[in-house]
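# Structure at a glance
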Amino acid sequence: MTNDQPNSWEARADATAFYGFTDLPSVHERGAVVLTHGDGPYVVDVNGRRYLDANSGLWNMVAGFSHKGMAAAAKAQYDRFPGYHAFFGRMSDQTVMLSEKLVEMSPFERGKVFYTNSGSEANDTMVKMLWFLSDAEGKPKRRKFISRVNAYHGVTVASASLTGKPYNSVFGLPLPGFLHLTCPHYWREGKPGETEEQFTRRMAKELEDMIEREGADTIAGFFAEPVMGAGGVIPPSKGYFQAITPILRKHGIPLIADEVICGFGRTGGMWGCETYDFMPDAIISSKNLTAGYFPMGAVILGPDLADRLQAAVEEIEEFPHGFTASGHPVGSAIALKAIDLIVNGDDESGPLIENVRAMTPKFEAGLARLAEHKHIGEWRGKGLMGALEAVKDKDSKTPWDGSLSVSERIANTCTDHGLICRPLGQSIVLCPPFIINDAQMDEMFDKLEKALNSVFAELT
Ligand SMILES: *Cc1c(COP(=O)(O)O)cnc(C)c1O
């Protein structure tokens, strides 16, 4: 550990933290990074070291870590009405305004909104809504869900089952009836000689075969992130959503767009489904919804699901589901401010989505330049989310031996240089705050390039 004094922040963190999603060898060797505050896209640790956080915290701190307008909106609402729920037909005025805003911003002409505290809970809520609908519509066998390998939908029991990551086997998950299709990553999953169009057709055929095999009347829904985030930033293959949407429609299977990362501008469009031009039946939102200034998630139902669920719930007179802090007034006020900032900007920053669009060409050029390295197999991304995938051999796309922890080494070296970026598989993920400027983007790529060069030099 960098500081092994028993009363150091690192030691104190170690003594009481049961770390989640943390590479333990790295943290044992280096100690935890304990942070005190932020400054724009930078965070500062207890030793006064500054880090450019190229991951926006966990994708969500899109307005950076010191936005005065965001903090002021929170403070004003704390002074006005600091907490309430959304049970028993009661809710705050902020919650009503947020629901109106979310429906207005959604691709749906009308819809309904249900609030949670996180993206995982929003996906679990959607699962329960669809199970409820199956029962209410006299289709009790309609219980299965389809998602994709590498998908990330969260960590609660149902959302972890939707997630297509091997690590969930340590919990005995997924639950039965949660099915996973091939990840639509053409560079990695395409067969020799297969064009991207042929690959997309094969992905669609795989979906059709799965529906046939399982029986369309057993499937309650299909979940997909427009661009897979925690799977390593994987945009869909060309025409993917155009190929699968008609198959789902034909079989009456709802398409749920998990927009927890893509939503509110990350891909350059307001929603990932807008960027990729498809129409889901419902949207799952969280992360950017409050720019990370409050834990909040939302299920936004499009007209068909809203009507069917409403009709079903009228029968039993009550939907027995909700969280104590669902539709929290402070979270709602913060979300209204975050959305306003993303769309319209304020005195402190211009419209954040405009900056995403303005910075995207430079971001893509930076990724493309680093991808010229002989140990970078691919760069990929959309808007301000991107990844560089490390390979041992570029032509054969051979990965490094897992025991070398290549991406962790790169990320740790970046941390030493004052840059936070995330290792995912053998990729390095970048998703800077929407407020990032030219100089900060140069700093990000310069520091990453130095780290790549030094780690690859060590390995070869
Ligand atoms: C982060 C994430 C979730 C889970 O959200 P939590 O707030 O961490 O529960 C779900 N879906 C996607 C696409 C995510 O990126």
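Residues numbered from 1 in each chain as written. Predicted model: local features only at pLDDT ≥ 70, side-chain atom pairs only at ≥ 80, totals over all residues. Heavy atoms only, no water.

For the rest of this paragraph, the subject is helix α12 (residues 303-316). Helix length check: α12 (14 residues) gives 20 Å between terminal C-alpha atoms against 20 Å at 1.5 Å per residue, within 8%. Within the sequence span of α12, burial applies to Leu 305, Ala 306, Leu 309, Ala 312 and Val 313. Looking straight down α12, one finds its buried side chains confined to an arc of 140°; they lie on one side. Counted as exposed and oriented over 90 degrees from the buried face of α12: Glu 314 and Glu 315. In this structure, the buried residues of α12 make contact with β4 (112-116), α6 (119-136), β8 (255-258), β9 (282-285) and β10 (297-301). Just past α12, the residue Glu 317 takes up positive phi, approximately 75°. (Helix = DSSP H or I, 4+ residues; strand = E, 2+ residues; numbered from the N terminus. Expected span 1.5 Å × (residues − 1). Buried < 20%, exposed > 50% of the residue type's maximum accessible area, 1.4 Å probe, protein only. Arc of directions from axis to C-beta. Contact = heavy atoms within 4.5 Å.)

Here the structure, examined in full by the defined rule, presents 26 salt bridges. With a closest N to O distance of 2.6 Å, Arg 380 and Glu 378 form a salt bridge. Judged by its relative accessible area of 6%, Arg 380 is buried. (Salt bridge = Lys/Arg side-chain N within 4 Å of Asp/Glu carboxyl O.)

Time to look at the domain arrangement of the chain. For the chain, the assigned domains read domain 1 (33-66 + 350-459) and domain 2 (71-343). Inter-centroid distance (C-alpha atoms) of domain 1 to domain 2 is 27 Å. Listed as interface residues are 35 residues of domain 1 and, on the opposing side, 30 residues of domain 2. In this assembly, domain 1 packs against domain 2 so that about 2600 Å² is buried in total across both faces, 63% of it on carbon and sulfur atoms. The largest share of the area that domain 1 buries against domain 2 comes from Trp 59, Met 385 and Lys 397, three residues that together contribute 23% of it. Remark: the boundary between domain 1 and domain 2 carries one salt bridge. (Domains from an automatic or database assignment. Buried area = accessible area lost by both parts, 1.4 Å probe.)

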